[in-house]
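The lines below spell out each chain.
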Amino acid sequence: MTDTVQTPDASAGRATEQKKILNRLKRAQGQLAAVIAAVEGGGSCTEVVTQLAAVSSALDRAGFTIVSSAMRQCISGDDGENTLTVDELEKLFLTLA
């Protein structure tokens, strides 16, 4: 069994991906807070549904970013402990569909 040594570029790339994912999740969290506030405040149906759609989209994008990052790691030959099989990646991707 060989250990994979990560280059600074690979580590920086992962940090950038993680930051993108966290930003999307935080955006979704803020949008969800707006949905809750709209429901609690008796907001219009249109306002609530619009905000809910924004939350859903932000979560979908975060999920797709996570899956695409995992795919890139597998393609690049990164044999870390979180390596997924093609079937596992497909299942993750389909979970978001």
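Our structure is the block above this text.
Remember, predicted model here, so these are calculated numbers, not experimental data. (Residues numbered from 1 in each chain as written. Predicted model: local features only at pLDDT ≥ 70, side-chain atom pairs only at ≥ 80, totals over all residues. Heavy atoms only, no water.)

Tell me about the overall build of the chain, residues and numbers included.
Helix and strand content of the chain: three helices and zero strands. Tracing the chain from N to C terminus, the helices and strands come up as α-α-α. Scored against the burial criterion, the 97 residues of the chain give a buried share of 18%. Pairs at least 24 residues apart make up 58% of the contacts formed inside the chain by residues separated by at least 6 positions. Total accessible area on the chain is roughly 7,200 Å²; 59% of this is exposed by carbon and sulfur atoms. (Helix = DSSP H or I, 4+ residues; strand = E, 2+ residues; numbered from the N terminus. Buried < 20%, exposed > 50% of the residue type's maximum accessible area, 1.4 Å probe, protein only. Contact = heavy atoms within 4.5 Å. Areas by Shrake-Rupley, 256 points an atom, 1.4 Å probe, with all protein chains shown as cover.)

Account for the pattern of salt bridges, naming residues and giving values.
On inspection of all chains with the given rule, the structure shows one salt bridge. Measuring nitrogen to oxygen at the nearest pair gives 4.0 Å for the salt bridge that ties Glu-17 to Lys-20. Taken together, the residues Glu-17 and Lys-20, both in helix H1 (residues 8-40) and three residues apart, mark about one turn of the helix. (Salt bridge = Lys/Arg side-chain N within 4 Å of Asp/Glu carboxyl O.)

Quick rundown of the environment of Ala-33? Include the residues and the values.
When you line up the elements, Ala-33 lands in helix H1. For Ala-33, a relative accessible area of 44% puts it in the partly exposed group.

Lay out the side chain of Gln-31 in plain terms, naming residues and giving numbers.
Topologically, Gln-31 is positioned in helix H1. Discounting chain neighbours no more than four positions away, the residues touching Gln-31 are Gln-51, Ala-54, Val-55 and Ala-58.

Give me the side chain of Glu-17: which residues, what numbers.
Judged by relative accessible area, which is 15%, Glu-17 ranks as buried. Setting aside residues up to four positions removed in sequence, Glu-17 forms contacts with Thr-65, Ser-69 and Arg-72.

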